[in-house]
Amino acid sequence: MLRFTILGFPVTVIWTFWLGAALLGSGSADTREGFQQMLVFVAAAFLSILLHELGHAWFQRKYGGRSQIVMHAFGGYAQGIGRYTRNQSLVITFAGPAMNFVLAALAYLIARSIHFDLFSIYRPYGMPFLTASLISTLFWINLSWGILNLVPVLPLDGGRVLEHLMYGRNPALRFQISAVAAVLVAVAGFVWLKAIFLSLMFCYLAFVNWEASHGRRIRNVFTGQ
Ligand SMILES: [Zn+2]
């Protein structure tokens, strides 16, 4: 387990984080370039998830809370102790995906400045593989994770937004909405993106939320909560 402090926030990286990131990035790791791509993916995932959680943690501290960051397989969370108003909670929640969109925009601007087309499978002549791979991986994972995180499915940030907006109302409803939204993402991911792993993950989130809507609490294997 890796532990360090950044900007005053304690960070714990559970070993499953490295395993999860390597699995997600291991599409063609049986070739030399594929293996390098996997290492780039792990590094980009580390940076992207850390900055995402720092976005949450920074605003928790700004609003008087204390926060620590935990990174685990397929994600992470900023665990805060504090009391926030509804608007503050919304800012804290949006700050995570916002960091991903900032990173994606930076990668896009860097790519543009060196005439690297992120939508093409070719890199400019003479550009080292690792440089191209890092810029394009940072762009694509931050864009897709930023968007995916905003779908209204608990415990993702979009689900948290739903929770803040529905505060005090029928508590089962937010889990039912999460379950339905998760099924829609699972189907869309399978049919249009052929992303089997994404589909399976959202099927699992649909199950967890459906059980929660019936008052049955399932321990989330990703967050451990
Ligand atoms: Zn988040």
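Residues numbered from 1 in each chain as written. Predicted model: local features only at pLDDT ≥ 70, side-chain atom pairs only at ≥ 80, totals over all residues. Heavy atoms only, no water.

Draft legend 1. Fine view of the sheet that holds strand E1 (residues 2–6). An order of E1-E2-E3-E4 is seen for the four strands of this open sheet, with the pairing classed as mixed. Looking at the sheet topology across the chains shown, the edges are occupied by E1 and strand E4 (75–81). If you compare each strand with its neighbour and ignore which way they point, the axes differ by 20 degrees on average. Across five bridges, the pairing between E1 and strand E2 (residues 9–13) is antiparallel. In the strand pairing of E2, Phe4 is matched with Val11. With respect to the sheet, helix H1 (residues 16–24) is in contact with E1, E2, strand E3 (66–72) and E4, its orientation differing from that of E3 by roughly 50 degrees. Helix H2 (residues 32–62) rests against E1, E2, E3 and E4 of the sheet, and its axis sits at about 15 degrees to E4. (Pairing = 2+ DSSP bridges. Helix = DSSP H or I, 4+ residues; strand = E, 2+ residues; numbered from the N terminus. Axes fitted to C-alpha atoms, helices over the stretch in contact; angles between N-to-C directions. Contact = heavy atoms within 4.5 Å.)

Draft legend 2. Geometry of unusual backbone geometry. A cis amide bond links Leu154 to the next residue, Pro155, at an omega of 5 degrees. For Pro155, the location among the structural elements is in the loop between helix H4 (129–148) and helix H5 (157–165). Residue Phe74 is not a glycine yet carries a positive backbone phi of 65 degrees. Its location among the elements puts Phe74 in the loop between E3 and E4. Positive phi values are uncommon outside glycine, yet Lys194 reaches one of about 55 degrees. In this fold, Lys194 is placed in the loop between helix H6 (171–191) and helix H7 (196–213).

Draft legend 3. View of the coordination of the zinc ion. Within the first shell, the zinc ion binds the protein through His52 (NE2), His56 (NE2), Asp157 (OD) and Asp157 (OD), at distances of 2.1 to 2.7 Å. Classification of the site at the zinc ion as irregular follows from its four donor atoms and the range of 53 to 142 degrees in their angles at the metal. Going along the chain, you hit the donors of the zinc ion in the pattern H-x3-H-x100-D. Of this pair, His52 sits in helix H2 while Asp157 sits in helix H5, placing them 105 residues apart in sequence. There is no split in this pair, since His52 and Asp157 are both buried. (Donors = N, O, S within 2.8 Å, 3.2 Å for Na, K, Ca; no water. Tetrahedral: all angles 85-135°; square planar, octahedral: opposite > 155°, others 65-115°. Buried < 20%, exposed > 50% of the residue type's maximum accessible area, 1.4 Å probe, protein only.)

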